[in-house]
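# Coordinate inspection notes
Residue strings, one per chain:
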Amino acid sequence: MVKSHENGEINFKIKKSTPFIKVINAYCKKLGVDPGSFQFMFNGIRIQNEETPNDLDMEDLSTVDVKVAATGGCGFLYGRNTIMEFGKR
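Here we summarise the structure given alongside this text. (Residues numbered from 1 in each chain as written. Predicted model: local features only at pLDDT ≥ 70, side-chain atom pairs only at ≥ 80, totals over all residues. Heavy atoms only, no water.)

On to helix α1 (residues 20-31), then. Its twelve residues give α1 an end-to-end C-alpha distance of 17 Å, which sits within 8% of 16 Å, the value for a rise of 1.5 Å per residue. For α1, the full list of buried residues reads Phe20, Val23, Ile24, Tyr27 and Cys28. Each buried residue of α1 lies within a common arc of 120° when the element is viewed along its axis, so the set occupies one face. Pointing more than 90 degrees away from the buried face of α1 are the exposed residues Lys22, Lys29 and Lys30. Glycine 32 lies just past α1 and shows a positive phi near 70°. (Helix = DSSP H or I, 4+ residues; strand = E, 2+ residues; numbered from the N terminus. Expected span 1.5 Å × (residues − 1). Buried < 20%, exposed > 50% of the residue type's maximum accessible area, 1.4 Å probe, protein only. Arc of directions from axis to C-beta.)

Following this line, the structure appears as structure tokens:
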């Protein structure tokens, strides 16, 4: 589930072997924004597109922080949280 004050909630259920690029693209498509607008982080480390929940030793309902790019040279600001639910498909 992706929680946002501005955008409500978006739910994701993925396999632990699914590359994060699929989640990133789905999230950004739903919001109608460029994937380069965000950084996805887990335990303070940026998630790479090819990484999977297995690679990061994530557990069911783990939280992924999504940093929204800020303009004006301020770096990145936390704006949303992603809660991942893993299932067998």
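Taken together, the side chains of Glu50, Asp55, Asp57, Glu59 and Asp60 present a region of like negative charge at the surface. Examined against the element boundaries, glutamate 50 turns out to sit in the loop between β5 (45-46) and β6 (62-69). (Patch = residues over 30% accessible without salt bridge, like charges linked within 9 Å, V, L, I, M, F, W, Y side chains within 5 Å. Areas by Shrake-Rupley, 256 points an atom, 1.4 Å probe, with all protein chains shown as cover. Salt bridge = Lys/Arg side-chain N within 4 Å of Asp/Glu carboxyl O. Lys, Arg positive; Asp, Glu negative; His and termini not counted. Charge placed at Lys NZ, Arg CZ, Asp CG, Glu CD.)

Let us now look at the environment of valine 66. Position of valine 66 among the secondary structure elements: in strand β6. In sequence terms valine 66 and isoleucine 47 are 19 residues apart; their C-alpha atoms lie 10.0 Å from each other.

Not every positive phi belongs to a glycine, and asparagine 43 is a case in point at roughly 55°. The class of asparagine 43 is exposed, set by a relative accessible area of 65%. Its identity is not glycine, yet aspartate 57 carries a phi of approximately 55°, on the positive side. When its relative accessible area of 65% is taken as the criterion, aspartate 57 is described as exposed.

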